[in-house]
Amino acid sequence: MDNNMPQAEPIKVKLQPNIDKIRKDLGNSDDIVIREIAFGVARAAIIYTDGLADKKMITDFILETPDQTTERDNLLEALKELAQKLGDYKEITNFQEIYSSILSGGTVLLLDGCSRGVSASTQGWKDRSISEPISQVVVRGPQEGFTETLRTNTSMIRRKIKNPNLWVETRQIGKVTKTDVAIMYINGIVNGKVVKEVRKRLDKINIDGILESGYIEELIQDETYSPFPTVNNSERPDSVAAALLEGRVAILVDGTPFVLIVPTLFISFFQTAEDYYQRADISTLLRMIRFISLFIAMVGPALYIGITTFHQELLPTQLLISLAAQREGVPFPAFIEALLMEITFEILREAGIRMPRPIGQAVSIVGTLVIGQAAVEAGIVSASMVIVVAITAISSFVITGYSMAISVRMLRFVIMGLAAAFGVFGIVVALIALVMHLCSLRSFGVPYMSPFAPFIPDDHKDTIFRLPHWAMTSRPRLISQRNIIREQMSRPAKPQK
Amino acid sequence: MIRKLSALISVLLLLVLLTGCWSRRELNELGIAVGIGVDKADKGYRVTVQIVSPGEIVSGKSSGNRTPVTVYEATAETIFEAIRKITTKSSREVYLAHLRVLIIGEQLAREGMEKALDHFSRDHEVRTDYFVIVAKDTTASNVLKVLTPIEKIPANNLYLSLNSSEKLWAPTATITLDELISDFVSEGKSPVLSAVSVIGGKAGHSQKNIENISPTGYLKYSGLAVLQGGKLVGYLNEKESKGYSYITDRVQNTVGLASCPNGGKLALEVISSKTKVKGKVVNDQPQIQIEVKTEENVGEVECELDLTKRETIAELEQLANQKVASIIKTTVKKVQNDYKSDIFGFGEAIHRADPAAWRQLKENWHEVFPKVDVIVNVHTEIRRIGTVANSFQNERKE
């Protein structure tokens, strides 16, 4: 570790050895710019990283060097004064500080004959502009998504919550990458214990690099050996702001638009931002559709296998006969048939996602033909199986949380196997085991299945149902334990009679 | 830890892989039986099974030159044996869960069918929602061999036709196996079964038959079969069957004929009917009171009647009362005199009303039943007269 990173060696008085050392330590990297200028009576060096620092600011600075009359002793003061014009500055005394400043876009000014330097923040690199979040699209609602720049992201949340109690704590994680990670919460609403726990878990991270918030998620989640995600993520500032208002903690990582939200409940993966922007009754209906989709996505093919190979008596006679007619001549058992189709579909999906967009379309056309038409006509699979697989696939897209949708995809295969071996009994056993597992999970101390288990009647205003905003008077009880009153019960204004 | 975990996982895998797929049956391994018939054979039973050929049923897939169902027969000493014996002819296992009708051949019915029903009530695979029907003047095997138009599966045709005729026409009864068995064991009630007859002899056995616009061979429900002590004793004709339906409160909707006060015909639609059978013992003599309340609509008028007048409606109500009462009385008389079988459940009514008296009566209920005094009271209300008031035939005359 120490071989890679320069030590906290103090800055020398003479300028030239300092420059030499910097050159040597940074391996003569081309993008490190060291410009030597005359600064009043003395010589000075301006050091910055090309591409990270704003060149225009630096040029403005150079033009304003003091005249020759300034006393040599006052030059450092003059330097600080100038730096102040640029923005915030810091006095630095060792090489460690020089490096961390220039590598994060700052500019360091060293003066000949002075063992102290000044670092000015001149960050100005190229970043992606704010654009629509691609993973969480809404019809109605803000169309802005987070970007890769931490500062932009915090500002977007600040713009939504203009409150002095919105606090940000920043730290650097990753021994090599030194990635900025910010914790955001609303003091007074958040549960202090959760914040403390988040800090503790983040401080425990001992890894060389953080390239995406997924690293953090995996390192701080409660349970690694679980198919279910206990940390939610969002690309949408409005979703994160809503989570903060409920007393959750947001973890922002520099370099990714995905912000982590803890504590996360099972139900969070079925709530979308849009639920709160459109009318409550419609949102409730859509929520129910999502739960039905969850059920279909998880046990759809399994139920088909279980019922058609073990419990044919459950089917209405007409349906049984028409299913049996479709299976005439199909060479595989229902389970193999389902597995074949499911795997084909997963291959197509993976291919469609990773392919460049124009080729992706070609993949989907081939896929539709293969799955939909040819397989049935060739008599390899039955038409009803194609219907089951298709409705299952579409259902799995309805689950709003992508991380939850992936786990459901995985569990589907396990349940299919059990259905093939034990029929509906196997499905029931699998579901019971799943419920037991879900109830045992916690996310930062909050039971994962709350408010279902433990059952909290008050919190059901925003689970399967989404009550109108005037009725959402309290925050989720177990998340924000201190300050749960959100508003007084207030009926909406009505026209006077 | 890892060793323990892997041991646990392998045990679970063994559980799935070794016991797995026990009793698994793919859909195309099943011979879905929709109708089963039981006939008397020299030794034991002759069982006929109507099995669906799924490929021929589904639209767009059928080849058209094979029958939608296939009938297999086997003879054995017990029914269970006979069903299993069918596998020597059929490629698929007989799957009874979707049975729609169980048909009892006339000969077996006359000699007693109780013993033949044990397997059907015992086997776990068979559901109890199928109808039990008697093949009138023929064998069950002949009934199951008739192909039907519109409904490709003949057993389904029998099932649906019985259902709809009970709902709209009344002189049939949908009796499922458990209803039949509970009537068998009841002391104060004897069972009836719907009877089906084959018209056109063997003409219905070939697919040629259903290529005709009006098939020469077909199946037809013809009244009810009266059972006594598990044996068939006779049949009720259509009118008597309707009387039976009135008494046992099975009428949901039917059409009744009445004659106009001054000649001509009139059809009344019964839209709802409620019957209460009350038992009473007067001077050691059991007495039955039948109260029928019906609501009717005027459905067809073929005579001169001024339906706009209130008195006419009252008159019609009287007519309807008499009509229904006479149907009921004829039925009771016929059953009391000819069959001496308490199919109406009069015994149960007396049992409910006077348990003490019933204890003495039930010993020789068989002899008492024909002498039971039956009082019939019908109360009819006419609700609607249709979309016209007086028949247009009358207007022309004026």
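Residues numbered from 1 in each chain as written. Chains lettered and ligands numbered in written order. Predicted model: local features only at pLDDT ≥ 70, side-chain atom pairs only at ≥ 80, totals over all residues. Heavy atoms only, no water.

Right, let's get into the overall build of chain B. Per the secondary structure count, chain B includes 15 helices and 13 strands. By principal-axis analysis of the C-alpha atoms, chain B measures approximately 95 × 60 × 60 Å. For chain B, the proportion of its 398 residues judged to be buried stands at 51%. The long-range share in chain B, meaning contacts at least 24 apart out of those at least 6 apart in sequence, stands at 72%. As displayed, chain B has an accessible area near 19,900 Å², and 51% of this comes from carbon and sulfur atoms. Once the 51 positive and 49 negative side-chain charges of chain B are each reduced to a mean point, those two points are 5 Å apart. (Helix = DSSP H or I, 4+ residues; strand = E, 2+ residues; numbered from the N terminus. Buried < 20%, exposed > 50% of the residue type's maximum accessible area, 1.4 Å probe, protein only. Contact = heavy atoms within 4.5 Å. Areas by Shrake-Rupley, 256 points an atom, 1.4 Å probe, with all protein chains shown as cover. Lys, Arg positive; Asp, Glu negative; His and termini not counted. Charge placed at Lys NZ, Arg CZ, Asp CG, Glu CD.)

Let's shift gears to the overall build of chain A. The helix and strand tally for chain A stands at 15 helices and 12 strands. Taken over the C-alpha trace, chain A has a radius of gyration of 30 Å; the compact-globule value for 497 residues is 23 Å, which it surpasses by more than 25%. Once the C-alpha set of chain A is aligned to its principal axes, its extents read approximately 105 × 65 × 45 Å. Taken across its 497 residues, chain A has 48% of its residues classed as buried. Partitioning the contacts of chain A with sequence separation of at least 6, the portion at a separation of at least 24 is 65%. Looking at charge distribution, chain A has the averaged site of its 52 positive side-chain charges lying 6 Å from that of its 52 negative ones. (Rg over C-alpha atoms; globule rule 2.2 N^0.38 Å.)

Residue and element names in this part refer to chain A. Running from N to C, helix α11 (residues 334–354) and helix α14 (residues 402–422) point in directions that differ by 160°, and their axes come no closer than 10 Å. Put simply, α11 runs roughly antiparallel to α14. Like other packed secondary-structure pairs, α11 and α14 cross with a definite hand, here left-handed. On the side of α11, the interface is formed by F335, A338, L339, E342, I343, E346, R349, E350 and I353, while α14 contributes Y402, R409, R412, F413, M416, G417 and A420. Of the residues belonging to the contact of α11 with α14, the class tally is nine nonpolar, one polar and six charged. (Axes fitted to C-alpha atoms, helices over the stretch in contact; angles between N-to-C directions. Parallel < 35°, antiparallel > 145°, perpendicular 65-115°, else oblique. Left-handed = near helix turned anticlockwise from the far one by under 90°. Nonpolar A, V, L, I, M, F, W, Y, C, P; charged D, E, K, R; others polar.)

Glancing now at the sheet that holds strand β9 (residues 249–253) of chain A. Residues and elements named next belong to chain A. Strand order in this open sheet of five strands is β6-β7-β9-β10-β8, and the pairing throughout is antiparallel. Edge positions in the sheet fall to β6 (166–173) and β8 (232–234), since each of these pairs with one other strand and no more. Averaged over all pairs of adjacent strands, the angle between their axes in this sheet comes to 25°, without regard to strand direction. Relative to strand β10 (residues 259–262), β8 runs antiparallel, the two being bridged by three bridges. Its bridge partner lying in β10, N233 is registered against L260. (Pairing = 2+ DSSP bridges.)

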